[in-house]
Amino acid sequence: NNIFGDGIRDTGGQQREVFNLEQIEVVKGPDGVYSGRGSGGGSINLSSKQPTLRDHSRFSLGAGTDNYVRGTIDQNWALGETAGLRLNLMGSSGDVPGRDAVDFEKWGLGLSLGAGLGTDTSMVFSYYHLTADSMPDYGIPLFTKLNPSATSTAPVRPRTESGILDVPRNSFYGLTARDYLINEVDSFTFDARHRFSDAVNIRSVTRYSETLNDYIVGNPADGGYVGLAADGTYWTKRGTKTRYNPVDTLAHVTDVFGRFSTGGILHNYDVGVEYSQERNSNASYSTYTTSGAACPTGLVTVNGTPPTAASALGAGDCTRLFAPTPNDPWTGVINRGPLSWSDTESIGVYAFDSIALTERLILNLGVRYDRYAVEGVN
């Protein structure tokens, strides 16, 4: 995970929002010496809005097609000469353009309280929350062949020149009565800073966060279940993809930084340590249909076999391939399986110096060492 929030790695499967952001910083290319573990493709730092010493009120309201609506509030109160409180709120909902039955709702809160602002010693406590509830969308099936018998390879018709099934773009194969996607984030951050002089400053930041990625999503044509019914219509059996993934993270970063000159050469340095602990849990759901959209008589799938026997659990959940019906009624049993988990502990130490040799020549030096360890149970 190469996403950072205010300089701290922002872990967990989560959606991102902009209502509480001041700016976005992008590092392109390999950056392991800056951020430690991660991929070699760079990193992104999301800078949150901070309390200030000036009162302000900002509001926004947006509306559009596909039932889109969004509102935000950004309010800052100056609390005396060195303290401030900032509140950011967001609410939004709408449909996904061009996709039947796919919609979303979300709301967010950013709250930060600062003391000692504008002085040599300052502290800021921040809380961030986001809840997103949406209908997950697995797209359209790409199957191009039908197997009406064990030996036939007749293609499904019609299809495009590229071989993809020629279904309307708005075709949705999930079940609105069953499918869901819930994403939640709660994050607490404490940021303390002290300035001794231009040459020596210290910043110490601690964050505890909890995220949840929880979904059941309909998967069209899962396992090859595209077939031809006795009446000549094409059908697909809905499968499922599921996940329950909570992540708890405790992270801390301390930096000592500043600027000084030696023999007319200017140095901008930073020395620091980063520590984090993560508990990443994963589980899947088993879903059993007790009453759903029945599969048609005589349906034979691409595998050359019929779907589950009509009398068994899971026999339903079929829909027409070229005219899906996402609002079919559904009842059944959803059970969450046992949790697998992994604990990750990492610690990194680093030192950087940006040396201005001349007005046009700067030498950047940096070194970092990381220890990364994982243990878990599947």
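Not measured: the values here are computed from a predicted model. (Residues numbered from 1 in each chain as written. Predicted model: local features only at pLDDT ≥ 70, side-chain atom pairs only at ≥ 80, totals over all residues. Heavy atoms only, no water.)

S.K.: Please set out the pairing of strand E6 (residues 69-78) residue by residue, giving values where relevant.
M.R.: Relative to E6, strand E5 (residues 56-63) runs antiparallel, the two sharing eight bridges. Of the residues in E6, the one forming a bridge with Arg58 is Asp74. Here E5 folds back onto E6, and the loop between the two strands holds five residues, one of which, Asp66, carries a positive phi near 55°. Where E6 meets strand E7 (residues 83-95), ten bridges bridge the pair, whose relative direction is antiparallel. In the sheet register, Asp74 faces E7, and the bridge partner there is Asn88. In this antiparallel pair of consecutive strands, E6 and E7, the connection spans four residues, and Gly80 shows a positive phi of 80°. (Pairing = 2+ DSSP bridges. Helix = DSSP H or I, 4+ residues; strand = E, 2+ residues; numbered from the N terminus.)

S.K.: Tell me about the sheet that holds strand E4 (residues 43-48), residues and numbers included.
M.R.: Remark on secondary structure: sheet strands pair via backbone hydrogen bonds, oriented parallel or antiparallel. Strand order in the open sheet made by the four strands is E2-E1-E4-E3, with mixed pairing throughout. Every other strand in the sheet has two partners, leaving strand E2 (8-9) and strand E3 (21-27) as the edge strands with one partner each. Sheet analysis places strand E1 (residues 3-5) next to E4, joined by three bridges and oriented parallel. Among the inter-strand pairings, Gly5 is bridged to a residue of E4, identified as Leu46.

S.K.: An account of the sheet that holds strand E14 (residues 239-262) is needed here, citing residue identities and associated values.
M.R.: The eleven strands lie next to each other as E5-E6-E7-E8-E9-E10-E11-E14-E15-E20-E21, forming an open sheet whose pairing is antiparallel. In this open sheet, the two edge strands, each paired with only one partner strand, are E5 and strand E21 (362-377). Each strand of the sheet is rotated relative to its neighbour by a mean of 10°, with strand direction disregarded. The sheet contact formed by strand E9 (residues 121-134) and strand E10 (residues 180-195) spans 14 bridges and is antiparallel. Counterpart to Thr121 in the pairing with E10 is His194. (Axes fitted to C-alpha atoms, helices over the stretch in contact; angles between N-to-C directions.)

S.K.: I'd like a description of the environment of Leu113, backed by residues and values.
M.R.: Structurally, Leu113 is set in strand E8 (residues 103-115). Separated by 13 residues in the primary sequence, Leu113 and Ser126 place their C-alpha atoms 6.4 Å from one another. In contact with Leu113, other than residues within four places in its own chain, are Pro51, Leu79, Gly84, Leu85, Met123, Val124 and Phe125. (Contact = heavy atoms within 4.5 Å.)

S.K.: Describe in detail the pattern of salt bridges, supporting the description with residues and values.
M.R.: This model, assessed by the stated rule, comprises 20 salt bridges. Glu278 is the salt-bridge partner of Arg37, the closest N and O atoms lying 2.3 Å from each other. Of this pair, Arg37 sits in the loop between helix H1 (32-35) and E4 while Glu278 sits in strand E15 (residues 265-282), and the two are 241 residues apart along the sequence. Across the pair Asp191 and Arg203 runs a salt bridge, and its minimum N-O distance is 3.4 Å. Separated by twelve residues along the polypeptide, Asp191 in strand E10 and Arg203 in strand E11 (residues 201-219) bring together distant segments of the chain. For the pair Asp191 and Arg203, one class covers both residues: buried. (Salt bridge = Lys/Arg side-chain N within 4 Å of Asp/Glu carboxyl O. Buried < 20%, exposed > 50% of the residue type's maximum accessible area, 1.4 Å probe, protein only.)

S.K.: So what's going on with the packing of aromatic side chains? Which residues, and what values?
M.R.: Counted under the stated rule, the structure contains six aromatic pairs. With a centroid separation of 5.9 Å and an interplanar angle of 25°, the aromatic rings of Phe19 and Tyr128 are classed as stacked. Taken together, the positions of Phe19 in the loop between E2 and E3 and Tyr128 in strand E9 put the pair 109 residues apart, joining distant regions of the chain. Here the basic side chain of Arg178 rests over the ring of Trp330, its NZ or CZ set 5.9 Å away from the ring centre. Across from the ring centre of Tyr244, 3.9 Å away, lies the NZ or CZ of Arg336, which sits over that ring. (Phe/Tyr/Trp six-rings, centres within 6.5 Å; stacked < 30°, edge-to-face > 60°. Lys NZ or Arg CZ within 6 Å of the ring centre and 35° of its normal.)

S.K.: Can you break down a nonpolar patch on the surface residue by residue, with the values?
M.R.: On the surface, a cluster of nonpolar side chains totalling about 520 Å² of accessible area is made up of Met123, Phe125, Phe188, Phe190, Tyr208 and Leu250. Elements that contribute at least two residues to the nonpolar patch include exactly E9 and E10. Among the secondary structure elements, Phe190 is positioned in strand E10. Take Phe190: its relative accessible area is 37%, and that puts it in the partly exposed class. (Patch = residues over 30% accessible without salt bridge, like charges linked within 9 Å, V, L, I, M, F, W, Y side chains within 5 Å. Areas by Shrake-Rupley, 256 points an atom, 1.4 Å probe, with all protein chains shown as cover.)

S.K.: Describe the environment of Val226, naming the residues involved and giving the relevant values.
M.R.: Topologically, Val226 is positioned in strand E12 (residues 226-228). The spatial distance from the C-alpha of Val226 to the C-alpha of Cys318 is 9.7 Å, given a sequence separation of 92 residues.

S.K.: Tell me about the confidence of the model for the protein chain, and name the residues and values.
M.R.: Put simply, the protein chain has an average pLDDT of 88, and 87% of its residues get 70 or more. Ranking the elements of the protein chain by mean pLDDT puts strand E17 (residues 300-301) last with 62 and E6 first with 98. Confidence drops under pLDDT 50 across residues 146-153; counting only partners more than four residues distant or on other chains, this segment forms 20 contacts. (pLDDT = per-residue confidence, 0-100.)

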